[in-house]
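A closer look at the structure
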Amino acid sequence: LRSRTWLLNNMKRTLQGKVAIITGASSGIGLECARVFSQAGASLVLAARSGDKLKALEDELKNNPVLTVVTDVSREEDCKVLIDNTVERFGRIDILVNNAGLSMRALFKDLDLSVLKTLMDVNFWGCVYCTKYALPLLLESKGSVVGVTSIAGFKGLPARTGYSASKYALNGFLDTLRTEHLYDGLHVMTFAPGFTSSNVRISALTADGTSQGKTPRTEEKMMSAHCVALQMLKGIIKRKDTVVLTPLGKLTVLMAKFFPRFVSRIEYRMMAGEPDSPLKQNA
């Protein structure tokens, strides 16, 4: 509560004069980041596949300049156009939030391999493409690269092979990028929200690549996307290397280092307990 109060009292001046790009900005964490960063004074570049949702968000956020760019981050050319449009409009980049992402729920033995490729293209390559083209401007501004990863990127999650693999890859990319730029002022933050109330589980892909269409978890009991956005802002301001949210998330990451087999059993039971879980037949 004290951290939230600090952020609310101070965020209006923290990003004044900064330009922030947010991918996956049309819903969930990306949407709330757009709102919070706008309140903090940033000029925004919002990217997503839905032009209608981006337009509605642009109409909502009228206090500061907003540029919307319809972008499919799995396409390298779209990511290049996103960065080019940002430079043309604002001439600088201070923050890149690689938030666009997809989830999945299916056992690997049942999975169409195209689902794995889709997850890697969006969750991993989308971050790589955007970061590659934004990097020269971020080095000039000594700015921040943020990768929205997951607890599943620290400990493999059953029935989420593609999701965990893409987030592990993202973690490795960000960690290496941070080390390469250890002494030139670039800030690289690995940001793991834990279970967050959003539409990520509704749009999660099943074994054949179709959307799940409903969430298997109780969304209202999770951390809100707004709280996640506030914590991201705090991490950027303090230039943190890694942020892991929620008590369960922190405990999972810690315990997995020392008791991985035990954590695997707990994860299995949790995932098997979900409605219509693909693990039920083995639980």
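Calculation notes
- Residues numbered from 1 in each chain as written.
- Predicted model: local features only at pLDDT ≥ 70, side-chain atom pairs only at ≥ 80, totals over all residues.
- Heavy atoms only, no water.
- Helix = DSSP H or I, 4+ residues; strand = E, 2+ residues; numbered from the N terminus.
- Buried < 20%, exposed > 50% of the residue type's maximum accessible area, 1.4 Å probe, protein only.
- Areas by Shrake-Rupley, 256 points an atom, 1.4 Å probe, with all protein chains shown as cover.
- Axes fitted to C-alpha atoms, helices over the stretch in contact; angles between N-to-C directions.
- Parallel < 35°, antiparallel > 145°, perpendicular 65-115°, else oblique.
- Left-handed = near helix turned anticlockwise from the far one by under 90°.
- Contact = heavy atoms within 4.5 Å.
- Pairing = 2+ DSSP bridges.
- Core = buried A, V, L, I, M, F, W, Y, C linked by side-chain atoms within 4.5 Å.
- Salt bridge = Lys/Arg side-chain N within 4 Å of Asp/Glu carboxyl O.
- Polar contact = N/O pair within 3.5 Å; in protein donor to acceptor, adjacent residues only side chain to side chain.

Considering the overall build of the chain
A count of helical and extended segments in the chain gives nine helices and nine strands. Within the span of the chain, comprising 283 residues, buried residues form 52% of the whole. Surface summary for the chain: the accessible area is close to 13300 Å², and the carbon and sulfur share equals 54%.

Brief notes about the packing of helix 5 (residues 113-141) against helix 6 (residues 161-180)
Helix-helix packing is characterised by the crossing angle of the two axes and by the distance between the axes. Taken N-terminus to C-terminus, the directions of helix 5 and helix 6 make an angle of 20°; their axes are 8 Å apart at the nearest point. When the interaxial angle is binned, helix 5 and helix 6 end up roughly parallel. Remark: the crossing between helix 5 and helix 6 carries right-handed chirality. Contacts between helix 5 and helix 6 pair Leu 116, Leu 119, Met 120, Asn 123, Phe 124, Cys 127, Val 128 and Thr 131 from the former with Thr 161, Gly 162, Tyr 163, Ala 165, Ser 166, Lys 167, Ala 169, Leu 170, Phe 173, Leu 174 and Leu 177 from the latter.

A closer look at the side chain of Glu 267
Tracing the sequence through the fold places Glu 267 in helix 9 (residues 260-272). Apart from the residues within four sequence positions on either side, Glu 267 is in contact with Lys 155, Gly 156, Leu 157, Pro 158 and Thr 252.

Considerations on the sheet that holds strand 4 (residues 95-98)
Taken in spatial order, the seven strands make up an open sheet running 3-2-1-4-5-6-9, and their pairing is parallel. In this open sheet, the two strands that pair with only one neighbour each are strand 3 (66-70) and strand 9 (242-244). Ignoring which end each strand starts from, the neighbouring axes of this sheet average 15° apart. Looking at chain direction, strand 5 (residues 144-148) and strand 6 (residues 187-192) are connected through five bridges and run parallel. Residue pairing for strand 6: Gly 147 is matched across the bridge by Thr 190. Sitting on the sheet, helix 2 (residues 28-39) is in contact with strand 1 (19-23), strand 2 (43-48) and strand 4, with an inclination near 165° to strand 1. Relative to strand 3, helix 4 (residues 76-90) is tilted by about 160°, and along the sheet it contacts strand 1, strand 2 and strand 3.

Structural notes on the nonpolar core
Among the nonpolar cores identified, the biggest contains 44 residues, and Val 45, Leu 82 and Met 104 are the most heavily contacted of them. Counting residues per element, the ones that place at least two in this core are strand 1, strand 2, strand 3, helix 4, helix 5, helix 6 and helix 9. It is helix 5 that provides the largest number of residues to this core, a total of eleven residues. Residues contacting Met 104, with those up to four places away along its chain left out, are Leu 111, Val 115, Leu 119, Ala 159, Arg 160, Thr 161, Gly 162, Tyr 163, Ala 204 and Leu 205. Counting 34 residues, the second largest nonpolar core, distinct from the first, contains Ile 29, Ala 40, Val 148 and Leu 245.

Topic: the pattern of salt bridges
Taken as a whole, this structure holds 13 salt bridges when the rule is applied. Close ionic contact of Asp 59 with Lys 55 constitutes a salt bridge, the shortest N to O distance being 2.9 Å. Remark: Lys 55 and Asp 59 occur in helix 3 (residues 51-60); sequence separation between them is four residues, near one turn of the helix. Residue Asp 59 is classed as partly exposed on the basis of its relative accessible area of 37%.

Comments concerning the pairing of strand 6
Along strand 6, six of the six residues are buried, which leaves the element largely enclosed by surrounding structure. Alternating positions in strand 6 separate into two faces, His 187, Met 189 and Phe 191 on one and Val 188, Thr 190 and Ala 192 on the other, with burial throughout. Here three bridges tie strand 6 to strand 9, and the two strands are oriented parallel to one another. Note that in strand 9 the partner of Thr 190 across the bridge is Thr 242.

Describing the packing of helix 4 against helix 5
Relative to each other, helix 4 and helix 5 sit at 30°, their axes nearing to 9 Å. The orientation of helix 4 relative to helix 5 falls into the category roughly parallel. For the crossing formed where helix 4 meets helix 5, the hand is right-handed. Judged by residue contacts, Glu 76, Cys 79, Lys 80, Leu 82, Ile 83 and Val 87 of helix 4 engage Gly 126, Tyr 129, Cys 130, Tyr 133, Ala 134 and Leu 137 from helix 5.

Some details on the environment of Asp 208
With respect to the helices and strands, the residue Asp 208 is situated in the loop between strand 7 (196-197) and strand 8 (223-224). C-alpha separation for the pair Asp 208 and Ser 114, spaced 94 residues apart in sequence, amounts to 8.4 Å. Not counting chain neighbours up to four residues away, the residues in contact with Asp 208 comprise Asp 112 and Val 115. Among the polar contacts made by the side chain of Asp 208, one reaches the side chain of Thr 206 at a distance of 2.9 Å. A polar contact is formed between the side chain of Asp 208 and the side chain of Thr 210, at a distance of 2.7 Å.

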